[in-house]
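# Coordinate inspection notes
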Amino acid sequence: MALTATRRIGWDEYLQLPLTYYEIIDGEVNALPTPLFKHQKIVSELMIRLGGQIHRDAKGYLVPAPYDVVIRRAPLRTRQPDLLFLSHERAEQIPDLQNQPRIEVAPELVIEVLSPSDTASEWLEKLRDYHQIGVQEVWAVDPQSASVEVLRWSAAGWQSVGVFTGDQPIRSEVLGETSITPATLFE
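This section reports on the structure supplied with the text. Note that the structure is predicted; figures quoted are calculated from it, not measured. (Residues numbered from 1 in each chain as written. Predicted model: local features only at pLDDT ≥ 70, side-chain atom pairs only at ≥ 80, totals over all residues. Heavy atoms only, no water.)

So, about the overall build of the protein. Secondary structure summary: the protein contains five helices and 13 strands in total. Computed over its C-alpha atoms, the radius of gyration of the protein comes to 16 Å, within 12% of the 16 Å expected for a compact globule of 187 residues. Across its three principal directions, the C-alpha atoms of the protein cover 45 × 35 × 35 Å. Across the 187 residues in the protein, those meeting the buried criterion constitute 44%. Seen as two clouds, the 17 positive and the 26 negative side-chain charges of the protein have centres 2 Å apart. (Helix = DSSP H or I, 4+ residues; strand = E, 2+ residues; numbered from the N terminus. Rg over C-alpha atoms; globule rule 2.2 N^0.38 Å. Buried < 20%, exposed > 50% of the residue type's maximum accessible area, 1.4 Å probe, protein only. Lys, Arg positive; Asp, Glu negative; His and termini not counted. Charge placed at Lys NZ, Arg CZ, Asp CG, Glu CD.)

The structure is reproduced here in structure tokens:
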């Protein structure tokens, strides 16, 4: 089945789609642009460093894109965060997780590496989607400012836990203090 940005699809058609880099917003398939090398290098560094820490501490799983997170079935809406974290406890809620091509439960943490083409309204829409399904924490990794902002959901909305730069270890309320510093991501 070919992907187009102008044709609306439903749940059954979605289940037949090939696993590629796209998001579905209210039934419209939106192909995502191919990330730049810089973007992928940052994702790789996070995967190696943060993934290693998560594995060492036996906290759960760090999963890279492309991997669909279903926001809702109708109108169909999915996201593909650059990285998502699922604790062992949350993962146990998903039958046969190892063979699932998507998840319909909220990861505790999502990490998005911002691109110059991202607009403020697109970013706010992603944050609304992540809140809707119950994501607890979002990291906004900004290559332009060489910073990582950690956002935590509260009754008052998304609140900044902190903006981390240079050699400051990134502090996560989901994972605790990490050994990851922005300097190591943006070298």
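The structure having been displayed, the exposition proceeds.
Now for helix α4 (residues 120–133). Between its terminal C-alpha atoms α4 stretches 20 Å, which fits the 20 Å expected from 14 residues at 1.5 Å a residue. Every buried residue of α4 is listed here: Trp123, Lys126, Leu127, Asp129 and Tyr130. Down the axis of α4, the buried set is contained in an arc of 160°. They therefore lie on one face. In α4, the exposed residues that point more than 90 degrees away from the buried face are Ala120 and Arg128. (Expected span 1.5 Å × (residues − 1). Arc of directions from axis to C-beta.)

Residues in a regular strand project their side chains so that they alternate between the two faces of the sheet. Counting buried positions along strand β9 (residues 137–142) yields five of six residues, so the element is predominantly enclosed. In this structure, strand β8 (residues 109–113) lies alongside β9, joined through five bridges in parallel fashion. Residue pairing for β9: Ile111 is matched across the bridge by Trp139. As for the winding sense of the linkage, the β-α-β connection from β8 through α4 to β9 is right-handed. The hairpin formed by β9 and strand β10 (residues 147–154) contains four residues between the paired strands, and Ala146 there has a positive phi angle of roughly 50°. (Pairing = 2+ DSSP bridges. Right-handed = clockwise from strand over helix to strand, strands pointing away.)

Turning our attention to the sheet that holds strand β3 (residues 60–64). The sheet built from six strands is open, its strands ordered β3-β6-β8-β9-β10-β11 with mixed pairing. What marks the edges here is a single partner per strand, and that holds for β3 and β11 (157–165). When the angles between neighbouring strand axes are averaged without regard to direction, this sheet yields 20°. Note that β3 and strand β6 (residues 83–87) share five bridges and pair antiparallel. Bridging across to β6, Tyr61 finds its partner in Leu86. Helix-sheet contacts for helix α2 (residues 37–56) involve β3, β6, β8 and β9, and the interaxial angle to β3 is about 170°. (Axes fitted to C-alpha atoms, helices over the stretch in contact; angles between N-to-C directions. Contact = heavy atoms within 4.5 Å.)

Remember, this is a structural readout, not a statement about activity or role.
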